[in-house]
Structures are given as C-alpha cells and as structure tokens.
Amino acid sequence: KKQECLPVTGLQSQPPPEEQNYGATEAHERQGPFVSVSRNSPAKRGYLTVGVLCYANLINFMDWFIVPGILLDIQQYFNLRDGEAGLLQTAFILCYMVAAPFFGYLGDRYNRKIILGAGIFFWSLVTLGTSFISESYHWIFFLSRGLVGIGTASYSTVAPTIIADQFDEGKRTTMLSVFYICIPVGSGLGYVLASSMASATGDWHWAFRWTVLLSLEILDSAHRHIFTSHSFKFSRFFLLTFSCSFVWSSLGLTAMAFVTGALGMWVPMFLYRAQVVQGTVSPCIEKSCNSSNSLIFGGITVGTGILGVVAGAEAARRLRKINNRADPLICATSMFVSALCLFIALMMAQRSITSTFIFIALGELFLSANWAVVTDILLYVVTPRRQSTAIALQILVSHLLGDAGSPYLVGTISNVIQANNNHSVQWSFRSLQYSFIICVFVGVIGGGFFLLTSFYVEDDRKEAEKL
C-alpha cells in the first residue's frame, strides 16, 4: 500500500519481509555495489577511526558548553542581561546550522579528511582568539562564538557518515552509541573544565585556552586517515524531504535540541538563583562567582549521558527483535518521561535543591537515550550516498527551530517577567522558573513527532532499500 508521503528511494535490493531485521540487528544486508569501500578495510583501522572521531566529538562539545559553565563570570565581565547572555548560544547555533548544509554537500563530494582538519583548525584558532577579548568589545565575543559554530559544522556533518562507511549495520548502532556518548560526556566536561579553570586561575579566559590545547591532538590523529567521498545529485537531495519518517524524526530531534539547548545554557544559573532564594548561598557581586552548580551539573551530564546513550541503544537492539517500530517508540517514550521529570524539577527547585538535581538528572538520562537511536533511523531510511547531506539537512532544521533560539527565548521571557515585577531575588528566580515551562511543552510535542515517525518508519525503510 502506497503512503501519502513520498518515501525516500534507495539502491539495494530487499530480502523477503519475513527475513528482515532493522538497525543493529541487521547484518550484512546492505552490501550493494555503491557501499563505500572503506567498509572492507581492516577492523583495526575502523576502530581507530571511531576513536579519533570520538575524541574530536568530545572536544567539540566541551567547547560548545564552556560558555554556560562560566555564564555568571561572562555576564559580570561584559555586563550582559539574561536575554543578551542567551544570545551568545544563539549566535553559535545560527552560524552552525547555516554552515551545515554547505559542509554536508562537500562531505558527499570531496575528501572528508580535509574538511575535518580545516574545520578543527578553524574552530581552535577562533577559540584561542576568544580568550583575549576585553570587556569593551563584547560584540567581538558574540562574533567569535558564531565563527566557532561554522568550524563545528564542518565536523558534525561528516563524522557520523564516516562511521557508517567503516562498519556494516550489525555494528553500526554500537559504534554510533560510542560516538554519541561523547555528546553528553563532552558537554559535562565543558562545564567542569570551564568552572575548574575559572576557579583555579581566577580568570575564566583560561577555559578557552585549555580547550585549544586539547584540540591540537585531533589534527595529528585525523591526518593519518583519508576517507573516501561520494558523488551527489541534487534531485536525490530533493527527495529526502518527502520521506515521512525522515521529516517527523527530524522534527522530534528539533524538540530534543530545543530542550537540551535551554537546559544546557540556563540550568546552572537557575540552580544558583534557587539557592539564593533558599538562603544557602549569597548573591554574587565579585568578579569570580561560585561555580559549584556548574561542576555538579557537568558531572550529572556526563554520568546520565553515558548511561542514557548505552541504555537507549541496548533497548533499541532488544526491542527491534519483536517490533520493527521500536526505534521511534523508544524516542517518543523517552521524550514524554523527560518532560515529566523536568516539570517536577521546576516545581521542586524552591524547596529542595537535592530533589531538583535528581529530577534534572532523570530528565537528561531519558533525553540522552535518543541520540544514537535518532541517527540510526536516518541512516537506514537514507542511502549511503546521501547520508552527509541528510545529516546536514537535519542539523539545519533541528538547530534552526531548536537550540538556536531556545536559550535566547528563555532569557528574553525571563527579562520580560522581571520587568513586569519587582526587582527582587524571588522574582529573579521565578522568572527563569516560569520561562522553563516552555521546555516541558516542547518535550511533549517532540514525543508526539516520534509517535508519528513510528507510523511510517517501517514502510520508509523498505522503500529505501528496494532499488
């Protein structure tokens, strides 16, 4: 029966329906003539490649979340309000998402090693320059964060497809899980590095300088690996937008990005303001502020990220054996539970910081469960020759409608609420608390998008491998 949405068409032949397996449980079934030759390379080289890419992903997301880790210090240094502070992350994401389709196109046509190396070198150079900006030139700081986003886009669009080229589908989900564990781990370490360096040196600029030193190791490792490129046709890019499962899963990922972007930027500040209301900490009036919340939140992000990605991938591997729609159903359930946990955390913040930390950790745990699973959905409804472009398109949509605006939106709503009420410690806290409610609604909507994906993913998978 034909779908109302035009599905993506692929390259390989499809085995009888009763013999089909999905995602990680499917082994050696897409060995068509157009699969990259790198899949036949020795296993040792494949694992080494994944190791290099994982390290790069780790540093990538450390750099991504340095600013939220020392947001109090940056606000004090540049004299920024909540809305302006949220715009820092928005500038980064906007440049990241605009550059992603360009690098996705290049990744499907040209040498990926060159793209990776150039991007890493560019973001390292700009990050180093960021650490020397004085308080009189805050606009240059905003610009530098945008330029770092461009460098990051060159890496994020091609790295997952390189992993897909190195392994057949029997091991692909496992390798993607390892790769995507580095997202929450790197994010958490970004908070830890930023707050630790600010505390140890008394100067938040050193957080950026240490990130550059760590990133230099990537260039040497990446130089030893040359990856093949693929040809591309614009007509096939156009057909991507008509796959129902691709569209709905991308919108689900957009909701994830919206929530994680807002949480990543504002949770340490929210916890700090909650503690001020409770009287457990004093308001920050000095140059260097208390960074304990960033340290704790960073540790939570690392721990829940590892556990969440592993648990999500393992749940998908097991449930696919009994339900071919398991992937989007797992994502939908995780989004619903995460939204509930976030709501409880917001309501508990003024009474118990410990309870707030617990429910934030649970919310992050269920969000993290989706990272590898969502990417696996894309990889088995899109043919190998179009995967970089598909990922680039997904990055563009998810960040344009997701975390490009959510930090700024939450900060702006907070400003409006504070402006309409008395300037007090209580309303400083409540302004962020009320602003965060929007993330709960977006989380529920994201779960609905993944439920819609489950209606189409099975047929789209069959169509993607029919030809």
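In what follows, the structure referred to is the one given above.
All of the points below concern the structure found in this document. Note that the coordinates shown come from a computational prediction; the quantities given were computed from them, not determined experimentally.

With that out of the way, let us pick up the packing of aromatic side chains. On inspection of all chains with the given rule, the structure shows 16 aromatic pairs. Residues Phe141 and Trp204 carry aromatic rings whose centres are separated by 5.9 Å and whose planes lie at 90 degrees to one another, so their mutual orientation is edge-to-face. Taken as a pair, Phe141 in helix 6 (residues 138-156) and Trp204 in the loop between helix 8 (169-201) and helix 9 (205-222) lie far apart in primary sequence, 63 residues in all. In this structure, Phe141 and Trp204 share a single accessibility class: buried. What links up through ring pairs into an aromatic cluster is the set Tyr77, Phe78, Phe141, Trp204 and Phe208.

Here the focus is the nonpolar core. Membership of the largest hydrophobic core comes to 122 residues, with the highest contact counts inside it found for Ile70, Ile74, Phe141, Trp266 and Phe436. Of all the elements, helix 11 (residues 244-278) adds the most residues to this core, at 17 residues. The residues contacting Phe141, other than those within four sequence positions of it, are Val67, Ile74, Phe78, Leu88, Thr130, Ile133, Trp204 and Phe208.

Here Val457 lies in helix 18 (residues 425-464). Using a relative accessible area of 1% as the deciding quantity, one classes Val457 as buried. With 213 residues separating them along the chain, Val457 and Cys244 place their C-alpha atoms 7.6 Å apart. Other than its neighbours up to four places away in sequence, Val457 contacts Ser245, Asn324, Arg325, Pro328, Ile377 and Tyr380.

Our next topic: the layout of surface pockets. The space that makes up the largest pocket amounts to roughly 590 Å³. Contributing to the lining of the largest pocket are 23 residues, with Gln75, Asp82, Arg273, Gln418 and Ser428 lying nearest its centre. The residue makeup of the lining of the largest pocket, split by class, is eleven nonpolar, nine polar and three charged.

The phi dihedral of Asn79 falls on the positive side, at around 60 degrees, and the residue is not glycine. Examined against the element boundaries, Asn79 turns out to sit in the loop between helix 3 (71-78) and helix 4 (82-107).

With that settled, the discussion passes to helix 4. For helix 4, with 26 residues, the first-to-last C-alpha span of 37 Å sits near the 38 Å given by 1.5 Å per residue. The largest bend in helix 4 comes to about 35 degrees, at Ala100, with the proline Pro101 one to four residues further on.

With that out of the way, let us pick up the packing of helix 11 against helix 17 (residues 406-419). Put simply, helix 11 and helix 17 touch, their axes get as near as 7 Å, and they point 45 degrees apart. Here helix 17 runs oblique to helix 11, going by the angle between their axes. In this structure, helix 11 contributes Ala257, Phe258, Gly261, Ala262, Met265, Trp266 and Arg273 to the contact, and helix 17 contributes Ser406, Pro407, Leu409, Val410, Gly411, Ser414 and Gln418. Looking at the contact of helix 11 with helix 17 residue by residue, the classes come out as eight nonpolar, five polar and one charged.

The next point concerns the side chain of Ser245. Here Ser245 lies in helix 11. Judged by relative accessible area, Ser245 falls into the buried class, the value being 0%. Polar contacts involving the side chain of Ser245 include one to the side chain of Asp460, which spans 2.6 Å. Apart from residues no more than four positions distant in its own chain, Ser245 is found in contact with Val381, Thr453, Tyr456, Val457 and Asp460.

What follows deals with empty space enclosed by the protein. Tallying each qualifying case throughout the model produces six cavities of 30 Å³ or more. The volume enclosed by the largest cavity comes to roughly 640 Å³. Surrounding the largest cavity, 39 residues form its lining, Phe61, Trp64, Ile183, Trp371 and His399 being those nearest its centre. With seven residues, helix 11 is the single largest residue contributor to the lining of the largest cavity. Of the residues assigned to the lining of the largest cavity, the class counts are 23 nonpolar, 14 polar and two charged.

Here is what the cut-offs are and how they apply
Residues numbered from 1 in each chain as written. Predicted model: local features only at pLDDT ≥ 70, side-chain atom pairs only at ≥ 80, totals over all residues. Heavy atoms only, no water. Phe/Tyr/Trp six-rings, centres within 6.5 Å; stacked < 30°, edge-to-face > 60°. Helix = DSSP H or I, 4+ residues; strand = E, 2+ residues; numbered from the N terminus. Buried < 20%, exposed > 50% of the residue type's maximum accessible area, 1.4 Å probe, protein only. Core = buried A, V, L, I, M, F, W, Y, C linked by side-chain atoms within 4.5 Å. Contact = heavy atoms within 4.5 Å. 1 Å grid on protein atoms, 1.4 Å probe; cavity = no way out; pocket = protein on both sides within 12 Å on 5 of 7 lines; lining within 4 Å. Points joined across faces, edges and corners; volume = space filled by probe spheres on them. Nonpolar A, V, L, I, M, F, W, Y, C, P; charged D, E, K, R; others polar. Expected span 1.5 Å × (residues − 1). Bend = angle between axes of the 7 residues up to and from the residue. Axes fitted to C-alpha atoms, helices over the stretch in contact; angles between N-to-C directions. Parallel < 35°, antiparallel > 145°, perpendicular 65-115°, else oblique. Polar contact = N/O pair within 3.5 Å; in protein donor to acceptor, adjacent residues only side chain to side chain.

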